[in-house]
Amino acid sequence: MVGKKRPPKDGAVEETDFSAPAVPKDENESGKSKYGEPLRYDPSFHGPIANRGCTDIICCILFLLFISGMFVIGYFGWSRGDPNKLIYPTDSRGRICGYDDGLENKTNLFFFDLLACADTTTLLELACPTPQVCVNSCPPNTWIGYYEQKDLLVELGKVIASFDPSSWEDLFNIAESTQKADRMTAADRVGEVFWSKFICDYGIDPKDEFVVNGHTPFALFEMEMCASYYVTSKDLFQRCVPSYLVDAIGSLDDALTDLDNRTLIDPRTGQNITGSDIGLAETALAAVINAQQLASRVLQDFQKAWHLILGALVLSSILSFLWILVMRWVAGVMVWFGILAMFALLVFGQYYCYSMYIDLKNVPGSDASFTFTLNLKSYLELRDTWLAFGIIQSVITLIMLLILIFLCKRIRIAIELIKEGSRAVSSMMFTLLWPIIPYLMQIVIIVLWAFIAVYLATSGQATYMVANVPTNYEDGNLVNGSSCQPEIFNSMNTSAICVFVEYGGDPNLFRMQIYALFGLFWMMCFVVALGQIVLAGAFASYYWAFHKPKDIPSFPVTMSLGRALRYHLGSLAFGSLIIAIVKIIRVLLEYMEKKLKGAENRVARFILRCLKCCFWCLEKCLKFINKNAYIMIAVYGKSFCPSAKKAFFLLMRNIVRVVVLDKMTDFLLFIGKFCIILGVGVGSFYFFSGRVDWFNDLMVLPSLNYYWIPIILIIVGTYFIASCFFSVYNMAVDTLFLCFLEDLERHDGSAEKPYYMNKGLMKILGKKNKKPEAE
C-alpha cells in the first residue's frame, strides 16, 4: 500500500530545499515569473524543520556590541549624572536646593520677580529670567519693599539734622553720601525685624550693604541683589508660589496687598502690579494646581475601586477569548452581513437621491446651472446635484457588485482561514499568554532607557544665559539669550543677570542621547520580532500537522521559542535594525521640523512633511514584510533576506488573496475590539453610575469623586487587553495564510502529495485528497 508520509512526533523534520524547480499548479502561474517560481513538492517537508543553523551571525554580534555600548554610555551617565538635578529645584547658579553643600536645609526655590516669570509658560521653568535662590521656607506674608524702606529712610532723615527733605523719597539720592555712623544709627533704630524681612542673594546682608556701602533697599532692588516684593506663598514641588493658588483660599487681589492693605509696586516702573500683570503665570500655575488636585482625587478613586476595575479587566479578557473562540462560527455571518449592509446603504442612497430629484422637479430655481459659490447648501437645492449623487452611487454599486462577484471565492477562502485561526488559537491556549512575556521585556527596556536618558541628561555642566539686558546698553556683545559665566558676569557693571538654564554644554551628550534612543527603538523592535517569530513557529506547527490536533507537537510555543533563541537572534536583530533606522530617521525629521518651525521657508517645511509621510509609509511596508519574513524564518530556518524575498514573492503571486484576507481580518478584528470595548464600557457606565438597581442590593458601590475615572481606566485597559488577544489571532491568520499558499503550490491532493488544509478550504477550492490505493 502506498501511504502518506507522517511527520515526526515533535513536528520537526529535515531541512527543505526550497530552491528546487516548481511544478505548475491550478491556482498559480506556471513556469518562472518575475515573482519567482511556485514551490515544488518535497516529501521530507512537514512543517518547521529541525535541521537548521544559526542565521545572520554578523547582525547578532553587532546587536550584542550595540547593547554593550548602551551599558557603556549608561555607566558614563551614572558616573557623572545626578537625577537629583531633575527632581529638586535649581537656583540661578545651578546649585540644587536641599542637596548641594550649604543648601541642605534650604529646600525651596524662591523667585525674586514674578513678573519676569509671567512671560514664560509656567513658574516651574528653570529659564525664568529672574534671580532665583534657595530658602528655608516660603514667605508667609506679602511684603512690599518699596514701602518698607520708608521707615529706614525716615530714620536716616532724623539722624541727619542738616537735611530737611520735602518727602522721604528725597533721601534715595543722598543716602550713599551720608556718614557711615549715621547709617548705622538709622539701621539700628528700625530693628532686626525690619532687616529679617528681606530675601536676598547668597552672601548679601542688606543691613551691611546699607551701613558699609550706602546702598539703600531701593538700590539693592535695582541691582537685583534682593527681592523687591513677595506675596504670601507656599511650596509647590518645592517652588514658592502664591498660596491662594495652592490652597484655593483667598483671591489674587488679596495676594497683591500687604497687611496694611498696600498694593504691590513694580520697582522698575514705580507702577502698581495688577492681576493682569501676572495673569499668564497665574493661569499656568492654576493649571498645575488643578492637575495636582485632579491627580490626587483620581488616585483616591483608584484606591477605592481597584478591585472592581480588576474584575472588569478580567471580564474583558474572558470576552476577548470567547470572541476568538466563536469566530469559527460567526466569521462568515459577520462578513456577509457587513457586505449586505454596505449594499443596502448604497441602494438606500440611490433611492434617496432619486426621491430628492423628483421632489425638486417643481421647485423654482432647482433647474439652474452650476455656479461656484461658498454657500454649499445652495448646491443641495439643485436637481442636478442629486442626479449626480445618484449616478455616482449607482456606479459605485455596480463596481462593488462586480468586485464581489469576482472575489466571492477569495472572500470565502478568507473567511475559512479566519475560522481556522480561531481553531488554531483554541488548540494552543498558551499562545494567548505568550504576549505577556514580550510586554514585560519591553517594560524592562523602557526602564533601562529611561535610566540612561535621565543620567545622561544630568551629566553635563550647568549652562547659563543672559537676561534683562537694558535696551540702551552700549555693549553690543551682551544680548539676551547669549551664554555667560556667573563668576565673570557678576563683576560687570550692568543690571542684566546671568541665570541658570540647563545642564548640558557637551555636544557628545546629545549624540549619546541619540545613541540611547536608537537603542530603545532597536531593542523594542527586536522584542516585537521575537514575539512574532515564536507565534509563527507555533501556528505553522499547527497547520502542518496532518491530523489536527493529534499531530500537533507538544509545547509548540516553547519549541518555537527555543529555535528562535538558539538559531535566529541574528535574523531578528537584522529585521528590527531596519525598522529602528526608519524610526530614528522619522524622529530626526520631527526634530528638524521643530527647529524650522519659526522659519519662513515654506519649501523646506513642505519637503520635510513629504519626507515624514514617505518614511511613515515605508515603516508600515517594512513591518509587513518583516512580519512575513519571520514566518518564513520560523518554518524554514533561513536567514532574513532570503526569507523576506521568499515571503514577498509568495504574497505577490497571490496578491489578490492577500488584499482580501488582510481587509477581511482587519474588519473582523475592528468589529471584535469595538464590540468588546463598547460592551464593557457601557456596562461599566451603568454599574458605576448606580443605574443597575438589582446589583446595588448585592454590594455597596464605593463613594467616588468622579465615577467616570474607573470607567475610563476600564475602557483603556480593555482596549489593550483586546489588542493583545487579537494580535495573537491576527498572527495566527497570517501564518496560516502563508502556509495555505505554500500548501497549494507544494501539493496536488494525490495520495503522495496530499493537502494539509482543512476540508472547508478544499471544498471552496473544489479539491480533495485522494485516498491511497491498496496494493
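Heads up: the structure comes first, above all this text.
Since this is a predicted model, take the numbers as computed values, not measurements.

A. Spotlight on the packing of aromatic side chains. Per the stated rule, a full pass over the model turns up 32 aromatic pairs. Ring centres 6.1 Å apart and planes at 55 degrees place the aromatic pair F110 and F112 in the tilted group. Its relative accessible area of 4% is what places F112 among the buried residues. Look at Y630 and F640: their rings are 6.2 Å apart centre to centre, the planes differ by 55 degrees, and that puts the pair in the tilted class. Within this pair, whereas Y630 is found in helix 19 (residues 602-636), its partner F640 is found in helix 20 (residues 640-652), the two being separated by 10 residues in sequence. Here Y630 falls in the buried class, since its relative accessible area comes to 3%. Among the aromatic residues, those joined into a cluster by ring pairs are F110, F112, W143, F194, W195, F198, F210, F221 and Y230. Cation over ring: R95 sits above Y202, and NZ or CZ is 5.6 Å from the ring centre. The positively charged end of R410 is found above the aromatic ring belonging to F406, 5.5 Å away from the centroid.

B. Structural detail: the side chain of E619. Residue placement: E619 occurs in helix 19. Owing to a relative accessible area of 3%, E619 belongs among the buried residues under this scheme. Sequence-distant contacts of E619, that is, excluding residues within four places in its chain, are made with I579, V582, K583 and R586.

C. Examining the layout of surface pockets more closely. Quantified by volume, the largest pocket comes out at close to 1300 Å³. In terms of lining, the largest pocket is formed by 38 residues, of which the most central are V528, Q532, K623, K627 and S727. Listed by contribution, the elements that provide at least two residues to the lining of the largest pocket are helix 14 (436-457), helix 16 (507-543), helix 18 (569-595), helix 19, helix 21 (655-688) and helix 23 (708-746). If one sorts the elements of the lining of the largest pocket by residue count, helix 16 sits on top with nine residues.

D. Examining the pattern of salt bridges more closely. Under the criterion given, the structure shown has 16 salt bridges. The partner of E192 in a salt bridge is K207, and the shortest N-O contact between them spans 2.8 Å. Within this pair, whereas E192 is found in helix 6 (residues 192-196), its partner K207 is found in helix 7 (residues 206-213), the two being separated by 15 residues in sequence. Judged by its relative accessible area of 52%, E192 is exposed. Note that E619 and R586 form a salt bridge whose closest N and O atoms lie 2.6 Å from each other. Of the two residues, E619 is situated in helix 19 and R586 in helix 18; the sequence distance between them amounts to 33 residues. When its relative accessible area of 28% is taken as the criterion, R586 is described as partly exposed. Among the charged side chains, a salt-bridge network with shared partners connects K583, R586, E619 and K623.

E. Expanded view of empty space enclosed by the protein. Across all of its chains, the model carries eight cavities of 30 Å³ or more by this definition. Around the second largest cavity, the lining residues are F110, F111, F112, L114, P139, Y229, Y230, V231, S233, C240, V241 and P242. Elements with a contribution of two residues or more to the lining of the second largest cavity: strand 1 (108-111), strand 4 (229-230) and strand 6 (239-242). It is strand 6 that provides the largest number of residues to the lining of the second largest cavity, a total of three residues. Of the residues that constitute the lining of the second largest cavity, the class distribution is 11 nonpolar, one polar and no charged.

F. Geometry of helix 19. Taking 1.5 Å of rise per residue, 35 residues should cover 51 Å, and helix 19 covers 50 Å from first to last C-alpha, within 8% of that figure. Within two residues after helix 19, G637 carries a phi angle of roughly 75 degrees, on the positive side.

Rules of the game
Residues numbered from 1 in each chain as written. Predicted model: local features only at pLDDT ≥ 70, side-chain atom pairs only at ≥ 80, totals over all residues. Heavy atoms only, no water. Phe/Tyr/Trp six-rings, centres within 6.5 Å; stacked < 30°, edge-to-face > 60°. Buried < 20%, exposed > 50% of the residue type's maximum accessible area, 1.4 Å probe, protein only. Helix = DSSP H or I, 4+ residues; strand = E, 2+ residues; numbered from the N terminus. Lys NZ or Arg CZ within 6 Å of the ring centre and 35° of its normal. Contact = heavy atoms within 4.5 Å. 1 Å grid on protein atoms, 1.4 Å probe; cavity = no way out; pocket = protein on both sides within 12 Å on 5 of 7 lines; lining within 4 Å. Points joined across faces, edges and corners; volume = space filled by probe spheres on them. Salt bridge = Lys/Arg side-chain N within 4 Å of Asp/Glu carboxyl O. Nonpolar A, V, L, I, M, F, W, Y, C, P; charged D, E, K, R; others polar. Expected span 1.5 Å × (residues − 1).

Such coordinate-based values are descriptive only and should not be taken to indicate function.
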